[in-house]
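# Descriptive analysis of the structure
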Amino acid sequence: MVEKIKKIFTKNNDQLPLVLVFAVVVLFWAFFDGAISYITPLLIQQQGFSNSEIGFIIGFSSVAGAAFDFFIYKIFKKTNFRRLILAMFVICFAYPLLLWQTKSLWLFLLAMSVWGVYYDLYGFGVFNFVAKYIKSKNNSSSFGIIQIFKSLGNIIGPLVIGYLIVERVDWRSFAVSWIVLFMGFIFFIYLFFIIRGHGVINGLFKQPLIHRDILAQYRVWRKLGGLLRPVLALSFYYRIIDAFFWTLIPLYAISTNYQQFGGLLLAAYTVPVLIAGWFVGSLTRSYGKKRTAYASLLAGSLILALFFFIQNEIVLVLSIFLASFFIKLTRPVVFSSFADYINDAPLAEIEIEGLEDFSANLGYIFGPILAGVLADLFGIQSAFGVLGLVGAALAVTLLIFGPKHIIISNQSAEII
């Protein structure tokens, strides 16, 4: 693994300082975001809301994020990562204060809208930075470095905050979050100055737009959605699983004898993202992308189904780690598959990306809602068991009935 990381850094050596400084900004921001993600369901619970209501409130953040996607380029006429990331930091500094003062349902929905907006700003900012300031040949390695730092922040944040929280969320959690966010902002200011010596290397990718009316666009989405149904189902369910963990694990920890070690449970879920990617290439070469994804989902889901019976704390942590490892294998496979479809049907790039993003948003909308409802019906730990049974059924269905090959072209997708 060390040698592979060295190769990534060597390939990107001429622009490594820019990428590393930006990655450090992302590291501190991801620590903040991971901490806030851990705090949010607990704060909502402290105001007397049920698990089902918590799921509905958190799911609303993705509704707001999806709506913001349509307006971001009208708000930011000249898109530049500095404006996007600066706006993200401003909102992030204000968000904990808004969250802390919120008591009613409508104010929580407003807070979730803010959460969804600042996360979207991060995504657009990263893409803009890499697309404009990094040479095309180094795009993949740059995204890889940034993702590693983001994953580390998402791991460390809940670990630290989970340790600070005993029975209730208090000022210490917010103080730590603000301090870490401020450190990230300092590195962003540093990046703001050093990037002045680097001109824009690339314009953003320019794909000729095909203008269609709403009915024509719907027909294209329906056609493509039918062809891509298996990978869209995987993308959707992966996000549901992710939403389950981030919504329910903090609530589970505070309601059991874990309490200060709730961050450890989330770490067991997030750490495998740093490991699984190294195994994907060899597995897909041996068994194919789709079979690898379906089998990985099946293995991870079967482990989740065992949550009905697990009583020992150590076994639970290990089970979360193993389930997450297999489930995380599906993520790069799905992303790689969508990239292949775009290469095969370049005129359908906008539609393919739109469908993938739509499936992701649906997963993050319904995931928290389903998590809350199942937790109220069966208990939090059993809710993961139900999630595993459904995931196993989906994986078996895809293994038996899913097509071995999905062929996409401009003609087959009716992009002409």
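None of these values were measured; they are calculated from a predicted model.

The next subject is the overall build of the protein chain. Within the protein chain, the secondary structure is distributed over 16 helices and zero strands. Relative to its 416 residues, the protein chain shows a buried fraction of 51%. At a minimum sequence separation of 6, the contacts of the protein chain that also span at least 24 residues come to 85%. Summed over all atoms, the accessible surface of the protein chain reaches about 19,300 Å², with 69% contributed by carbon and sulfur.

Let's shift gears to the side chain of Thr 102. Structurally, Thr 102 is set in the loop between α5 (81–101) and α6 (105–133). Of the residues examined, Thr 102 reaches a relative accessible area of 2% and is grouped as buried. Ignoring sequence-local partners within four residues, the contact set of Thr 102 consists of Gln 47, Leu 107, Phe 108 and Ala 111.

Turning our attention to α5. Between its first and last C-alpha, α5 extends 30 Å over 21 residues, near the 30 Å set by a 1.5 Å rise per residue. Approximately 30 degrees is the largest bend angle found in α5, and it occurs at Ala 94, with the proline Pro 96 only one to four residues beyond. Buried within α5 we find Phe 81, Leu 84, Ile 85, Ala 87, Met 88, Phe 89, Cys 92, Tyr 95, Pro 96 and Leu 99.

Further remarks concern the side chain of Ser 296. Within the fold, Ser 296 resides in helix α13 (residues 289–305). Beyond its immediate stretch of four places on either side in the chain, Ser 296 contacts Phe 326, Ile 327, Leu 329 and Thr 330.

Once that is clear, we can look at a nonpolar patch on the surface. The grouping of Leu 152, Ile 156, Leu 159, Val 160 and Leu 264 at the surface amounts to a nonpolar patch, some 340 Å² of accessible area in total. Within the fold, Ile 156 resides in helix α7 (residues 139–164). The exposure class of Ile 156 is partly exposed, given its relative accessible area of 37%.

This part is about the packing of helix α10 (residues 229–255) against helix α16 (residues 380–401). Taken N-terminus to C-terminus, the directions of α10 and α16 make an angle of 170 degrees; their axes are 10 Å apart at the nearest point. Overall, the two elements α10 and α16 adopt an arrangement that is roughly antiparallel. The crossing of α10 and α16 is left-handed. For the contact of α10 with α16, the class distribution of residues is 19 nonpolar, three polar and no charged.

Further remarks concern the environment of Leu 302. Positionally, Leu 302 belongs in helix α13. With 89 residues separating them along the chain, Leu 302 and Gly 391 place their C-alpha atoms 8.0 Å apart.

Note on aromatic pairs: each is described by the distance of the centres and the angle between the planes. Under the counting rule described, the total for this entry stands at 27 aromatic pairs. Residues Phe 32 and Tyr 118 carry aromatic rings whose centres are separated by 6.3 Å and whose planes lie at 50 degrees to one another, so their mutual orientation is tilted. Of this pair, Phe 32 sits in helix α2 (residues 16–46) while Tyr 118 sits in helix α6; the two residues are 86 residues apart in sequence, bridging distant segments of the chain. One aromatic cluster in this structure is built from Trp 29, Phe 32, Tyr 95, Trp 115, Tyr 118, Tyr 119 and Tyr 122. Its end group placed over the ring of Phe 192, Arg 82 keeps NZ or CZ at 5.6 Å from the ring centre.

We now examine the packing of α10 against α13. A pair of packed helices is captured by two measures, namely the crossing angle of their axes and the spacing between those axes. Between α10 and α13, the shortest axis-to-axis distance is 12 Å and the interhelical angle comes to 30 degrees. Judged by the angle between their axes, α10 and α13 are roughly parallel. α13 is crossed by α10, and the crossing has left-handed handedness. Side by side, α10 and α13 meet where Pro 230, Leu 234, Tyr 237, Ile 241 and Phe 245 of the first sit next to Ala 293, Tyr 294, Leu 297 and Leu 304 of the second. Taken together, the residues of the contact of α10 with α13 break down into nine nonpolar, no polar and no charged.

Let us look at the confidence of the model for the protein chain. Per-residue pLDDT for the protein chain averages 81, and the proportion of residues at 70 or more is 80%. Summarising per-element confidence for the protein chain, the mean pLDDT is lowest in helix α1 (residues 2–11) (50) and highest in α16 (94). Scored below 50 in pLDDT, residues 203–209 makes eleven contacts in the model with residues more than four places away or belonging to other chains.

Right, let's get into the environment of Ser 177. Structurally, the position occupied by Ser 177 is in helix α8 (residues 171–194). Here Ser 177 falls in the buried class, since its relative accessible area comes to 0%. Taking C-alpha positions, Ser 177 is 7.5 Å from Ile 36, a pair spaced 141 residues apart along the chain. Other than its neighbours up to four places away in sequence, Ser 177 contacts Phe 32, Ala 35, Ile 36, Ile 39 and Ile 161. Of note is the side chain of Ser 177, whose polar atom sits 2.8 Å from the backbone oxygen of Ser 173.

What counts and what doesn't
- Residues numbered from 1 in each chain as written.
- Predicted model: local features only at pLDDT ≥ 70, side-chain atom pairs only at ≥ 80, totals over all residues.
- Heavy atoms only, no water.
- Helix = DSSP H or I, 4+ residues; strand = E, 2+ residues; numbered from the N terminus.
- Buried < 20%, exposed > 50% of the residue type's maximum accessible area, 1.4 Å probe, protein only.
- Contact = heavy atoms within 4.5 Å.
- Areas by Shrake-Rupley, 256 points an atom, 1.4 Å probe, with all protein chains shown as cover.
- Expected span 1.5 Å × (residues − 1).
- Bend = angle between axes of the 7 residues up to and from the residue.
- Patch = residues over 30% accessible without salt bridge, like charges linked within 9 Å, V, L, I, M, F, W, Y side chains within 5 Å.
- Salt bridge = Lys/Arg side-chain N within 4 Å of Asp/Glu carboxyl O.
- Axes fitted to C-alpha atoms, helices over the stretch in contact; angles between N-to-C directions.
- Parallel < 35°, antiparallel > 145°, perpendicular 65-115°, else oblique.
- Left-handed = near helix turned anticlockwise from the far one by under 90°.
- Nonpolar A, V, L, I, M, F, W, Y, C, P; charged D, E, K, R; others polar.
- Phe/Tyr/Trp six-rings, centres within 6.5 Å; stacked < 30°, edge-to-face > 60°.
- Lys NZ or Arg CZ within 6 Å of the ring centre and 35° of its normal.
- pLDDT = per-residue confidence, 0-100.
- Polar contact = N/O pair within 3.5 Å; in protein donor to acceptor, adjacent residues only side chain to side chain.

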